[in-house]
Amino acid sequence: MSHPFKKEQLIELKFFTEMCIKDPNILNVPELSFMKDFVKHFGGTVPEPKYEKKPQEFKASEPEIESEPESEESDIELDMTGVIEPDMDAPQKMGNLTVEPTEEEISESQTKRSDAVAAYAEKDFEKAIKLYTEAIVLNPHAALLYAKRGQVYLNIKKPNCCIRDCNRALELNSDSAAAHKFRGRAYQLLGKWEEAANDLRFACQLDFDEQADEWLREVTPNARKIEEHKRKQERKASEKQEQKRQERLQKAREAAKDREDNTRPSQTDSAGGAPGMNDFHEFLSDPDVLESFQDPEVAEAFKDISSNPLNMIKYQNNPKIMSLITKVASKFGGAGGMGGFPGMMGGMPGFPGTGATPPPKPSAPNDDVGLD
């Protein structure tokens, strides 16, 4: 069966149908309504549009996010002299660290290194990179080979390649002054001033080098500006956190005060001179009283007295308990009432604050009369 379509038209039609299969929502476009009718004519279905609302309606329902005002120090004036665009080359070839080189390979690697040094001196940088790479493949555990190849990359303005080589060198030898020096210079070319200063400073500490020191003096002003800016930002953030903390504390104090005001007893609760709950609360908050109640003997005695104030007589000879009872009497004035601590001494003879007459002291036995 023949068809009226050209090959190019069939390719476009096939592409269109594949698009519709991947995203049927395309058929809801008004211009393609004829295709939608075609699908429905043969019993097919087209999904309803995914978005029935206008984009503005969705945006209106989203909560607005308040943007932080820009800091006055957000724009730092830095000297960008010498900064270049980063190189985007694919990672260079690295040695296989799982392979242990033979003595012959180490010797051949040293020869390649010497040739690379000669090529570098002649400013044939591409040849130097090639020779250093061959030397690295022969002896992948030599950290200096990576650092020296990184130096060559610096000369052809490929700081990222240099950084990758120096990173490998520092994996093998973290105290490689050359690797820190060349990586610091690479960071400088990329405008990463803090990283540059850290590397160059460490390189000078490991092995002082005039060139490294010169590069360090170049990057230090920018690095200090960035460090000072960060300190200001950290200080502002810390002050903001402290302000929020103080606000939370203030709210907590106000809430506690409101609760205290709402639960504070009215003046009529203790009218007529009777001790109120507020007085009793102050009594229990007394440090000496709290300390006394830590003693199990005292706590048990007051429990016994609370159940029956007449049991107080049993503790007349216990100075520890009587001292606390005296404090209760002085606080509440021996008011009447038998339940609880306030007023539980009321009417008991011989206790301070009760107003009762103490019992008479027993007279001497008759047997003592007339004895010298």
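Described below are features of the structure shown in this document. None of the values given here were measured: they were computed from a predicted structure. (Residues numbered from 1 in each chain as written. Predicted model: local features only at pLDDT ≥ 70, side-chain atom pairs only at ≥ 80, totals over all residues. Heavy atoms only, no water.)

### Some details on the overall build of the protein
Here comes step 1: A count of helices and strands for the protein gives 14 helices and 0 strands.
Here comes step 2: Its helices and strands taken in sequence order, the protein reads α-α-α-α-α-α-α-α-α-α-α-α-α-α from the N to the C terminus.
Here comes step 3: A buried classification covers 29% of the 372 residues belonging to the protein.
Here comes step 4: Long-range contacts, defined as pairs at least 24 residues apart, comprise 55% of the intrachain contacts of the protein with a sequence gap of at least 6.
Here comes step 5: In the structure as shown, the protein presents an accessible area of about 26000 Å², 52% of it carried by carbon and sulfur atoms. (Helix = DSSP H or I, 4+ residues; strand = E, 2+ residues; numbered from the N terminus. Buried < 20%, exposed > 50% of the residue type's maximum accessible area, 1.4 Å probe, protein only. Contact = heavy atoms within 4.5 Å. Areas by Shrake-Rupley, 256 points an atom, 1.4 Å probe, with all protein chains shown as cover.)

### Considerations on the nonpolar core
Here comes step 1: Grouped together as the largest cluster of nonpolar side chains are 37 residues, with contacts concentrated most on V152, L154, C162, A169, A179 and V219.
Here comes step 2: Put simply, the parts of the chain that give this core at least two residues each are α4 (103-121), α5 (125-138), α6 (143-155), α7 (159-172), α8 (177-189), α9 (193-206) and α10 (210-263).
Here comes step 3: Setting aside its immediate chain neighbours within four residues, A169 contacts A143, Y146, A147 and A179.
Here comes step 4: Counting residues in each nonpolar core, the second largest holds 12 residues, with V298, A301, I321 and M322 among its members. (Core = buried A, V, L, I, M, F, W, Y, C linked by side-chain atoms within 4.5 Å.)

### Examining the state of the cysteines
Here comes step 1: The full count for this structure, using the stated rule, is 0 disulfides.
Here comes step 2: Free cysteine: C166, not disulfide-bonded; nearest cysteine sulfur from C162 at 3.9 Å. (Disulfide = S-S within 2.5 Å.)

### Quick notes on the side chain of D87
Here comes step 1: With respect to the helices, strands and loops of the structure, D87 is situated in the loop between α3 (55-61) and α4.
Here comes step 2: As a buried residue without a salt bridge, D87 has its nearest oppositely charged side chain in R164, at a separation of 4.7 Å.
Here comes step 3: Among the polar contacts listed, one links the side chain of D87 to the backbone nitrogen of N160, at a separation of 2.8 Å.
Here comes step 4: Excluding residues within four positions of it along the chain, D87 makes contact with K157, K158, P159, N160 and C161. (Lys, Arg positive; Asp, Glu negative; His and termini not counted. Salt bridge = Lys/Arg side-chain N within 4 Å of Asp/Glu carboxyl O. Polar contact = N/O pair within 3.5 Å; in protein donor to acceptor, adjacent residues only side chain to side chain.)

### Topic: helix α13 (residues 296-307)
Here comes step 1: End to end, α13 covers 17 Å across 12 residues, agreeing with the expected 16 Å (1.5 Å per residue, within 8%).
Here comes step 2: By the burial criterion, the buried members of α13 are V298, A301, F302, D304 and I305. Viewed end-on, α13 has its buried residues packed into an arc of 155 degrees, placing them on one side of the element. Exposed and oriented more than 90 degrees from the buried face of α13 are P296, K303 and S307.
Here comes step 3: Its side-chain oxygen placed 2.9 Å from the backbone nitrogen of E297, D295 serves as the N-cap of α13. (Expected span 1.5 Å × (residues − 1). Arc of directions from axis to C-beta.)

### Remarks on the packing of α5 against α6
Here comes step 1: Two numbers describe how α5 lies on α6: the axes approach to 10 Å, and their chain directions differ by 160 degrees. The orientation of α5 with respect to α6, classified from their angle, is roughly antiparallel. Considering only the axes of α5 and α6, their crossing is left-handed. The segment α5 lies against α6, with F125, A128, I129, Y132, T133, A135 and I136 engaging L145, Y146, K148, R149, V152, Y153 and N155. (Axes fitted to C-alpha atoms, helices over the stretch in contact; angles between N-to-C directions. Parallel < 35°, antiparallel > 145°, perpendicular 65-115°, else oblique. Left-handed = near helix turned anticlockwise from the far one by under 90°.)

### Looking at the pattern of salt bridges
Here comes step 1: Applying the stated criterion across every chain, the model contains 16 salt bridges.
Here comes step 2: Across the pair K181 and D209 runs a salt bridge, and its minimum N-O distance is 3.1 Å. Pair noted here: K181 is in helix α8 and D209 is in the loop between α9 and α10, with a separation of 28 residues, a long-range link.
Here comes step 3: For K181, a relative accessible area of 10% gives the class buried.
Here comes step 4: In this structure, E194 engages K230 in a salt bridge whose closest nitrogen and oxygen atoms are separated by 2.7 Å. Placement of E194 in helix α9 and of K230 in helix α10 is noted, with a sequence separation of 36 residues between them.
Here comes step 5: According to the relative accessible area criterion, K230 is partly exposed, its value standing at 40%.
Here comes step 6: Counted as one network, the salt bridges with shared partners bring together K112, K130 and E134.

Keep in mind these numbers describe shape, not what the thing actually does.
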